[in-house]
Amino acid sequence: MANFPTETHRFKSFDGVELAWTEMGEGRPVVLIHGYFSTAHVNWIKYGHAEKLAARGFRVIMPDLRGHGLSDRPHDPAAYPPDVLMRDGFALIEHLGLTDYDLGGYSLGGRTTLRMLVHGAKPRRAVLCGMGLAGLTDTHGRGTYFRRVLTNLGTFERGSSEWMTEAFLKTTKGDPEALLLILQTFVDTSREEIAAIDLPALVVTGAEDFDNGSAQEVADLLPQGRFVEIPGNHMSAVTRPELGDAIAEFLAD
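Keep in mind the model is a prediction, meaning the values are calculated, not measured.

Novice: Could you clarify how one ought to interpret the pairing of strand 7 (residues 201-206) in this entry?
Specialist: Within a regular strand, side chains alternate between the sheet's two faces. Of all 6 residues in strand 7, 6 are buried; the element is thus mostly enclosed. Here strand 7 shows a buried face lined by A201, V203 and T205 and a second buried face lined by L202, V204 and G206. Where strand 6 (residues 126-129) and strand 7 come together, 4 bridges link them in parallel fashion. Of the residues in strand 7, the one forming a bridge with C129 is V204.

Novice: What am I meant to see in unusual backbone geometry here?
Specialist: Most peptide bonds are trans, and most residues other than glycine sit at a negative phi. Of note in this structure, S107 is not a glycine but carries a positive phi near 60°. Examined against the element boundaries, S107 turns out to sit in the loop between strand 5 (102-106) and helix 4 (108-118). The backbone of K173 sits at a positive phi, close to 55°, despite the residue not being glycine. Tracing the chain through its elements places K173 in the loop between helix 7 (161-171) and helix 8 (176-182). The exposure class assigned to K173 is exposed, which follows from its relative accessible area of 64%.

Novice: I would appreciate a short explanation of helix 7 in the present structure.
Specialist: A turn of α-helix holds 3.6 residues, and therefore any two residues three or four places apart point the same way. Taken together, the buried positions of helix 7 are E162, T165, E166, F168 and L169. Take helix 7 and look down its axis: the buried residues cluster within an arc of 155°, on one side only. Structural note: helix 7 exposes K170 and T171 on the side pointing more than 90 degrees away from its buried face. Remark: K173 follows helix 7 within two positions and exhibits a positive phi of approximately 55°.

Novice: I would appreciate a short explanation of the packing of helix 6 (residues 139-150) against helix 7 in the present structure.
Specialist: Geometrically, a packed helix pair is captured by the angle between its two axes and the distance between the axes. At a minimum axis distance of 10 Å, the contact between helix 6 and helix 7 shows a crossing angle of 70°. Judged by the angle between their axes, helix 6 and helix 7 are roughly perpendicular. Of the residues in helix 7, those touching helix 6 at Y145, F146, R148, V149 and L150 are S161, E162, T165, E166 and L169.

Definitions and limits used
- The numbers attached to residues start from 1 for each chain and follow its sequence in the written order.
- A pLDDT threshold of at least 70 governs which residues receive local features in this predicted model, and a stricter bar of 80 or more applies before side-chain atom pairs are shown or counted, although totals over entire chains, interfaces and linings include all residues.
- For the side-chain quantities, the full set of heavy atoms in the structure was used; hydrogens and water were omitted.
- Think of it in three bands: residues with accessible area under 20% of the maximum for their type are buried, residues over 50% are exposed, and the middle band is partly exposed, with areas taken using a 1.4 Å probe on protein chains only.
- Starting at the N terminus, helices and strands are each numbered in turn, a helix being any DSSP run of H or I of at least four residues and a strand any DSSP run of E of at least two.
- Pairing between two strands is assigned when DSSP locates at least 2 bridges connecting them.
- In this description, the arc belongs to the directions extending from the helix axis to the C-beta atoms.
- What counts as an axis is a line fitted to C-alpha atoms, over the stretch in contact for a helix, and the angles between N-to-C directions run from 0 to 180 degrees.
- Under this scheme an angle from 65 to 115 degrees is roughly perpendicular, one under 35 degrees roughly parallel, and one over 145 degrees roughly antiparallel; angles in between are oblique.
- In what follows, a contact means two residues having at least one pair of non-hydrogen atoms within 4.5 Å.

Written out as structure tokens, the structure reads:
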């Protein structure tokens, strides 16, 4: 596979917070949003997913969410109103002048994608990865787990789920204070709102990923939903080549 170069850019979102995005490839735009604690590089570039899409003729646009990666990490709670990540997504699409594009994300990125669809985003196709129904309809359930991790760093038993989450936080050089504020931005989505999203949508999850409930149920609710299961759990599925393969095959179809 060809080695595609990346370029990173910055812009000011709707409220003046400066956000970064990285691009790879040329052609039809696809916006891919990373997960909580992660970055565009870790989710999409490190394991070759973006390169597979670039090789299929896509311009892969990968933002770093506010509070993450190369984007600003304000510590002012006012910078984290409900649904701010959804609003940042719209701000990026407006900044780039995108009209005909695809949209997707992993975990929190999948939830952010869904929130954008609920609020009127009109991509040609959508991809929701690593996100089940409970993680969409009851965001505070999962948020409680992360709040416990972020407020008790350094106390967890080695090998526990919390210890693994903290280890991932360290590898991505995450900012605990900013990430804690991200939790207050989560907004629940109803089953009815999900069922009203009528566009081709791929739902991908690891066979052992139970962190956010059933992804199959999400695909079943979506009028044009298609479910694909890949190997791995919530942390490992994003590293699997099958993830990039599934997204590339769906978008290139």
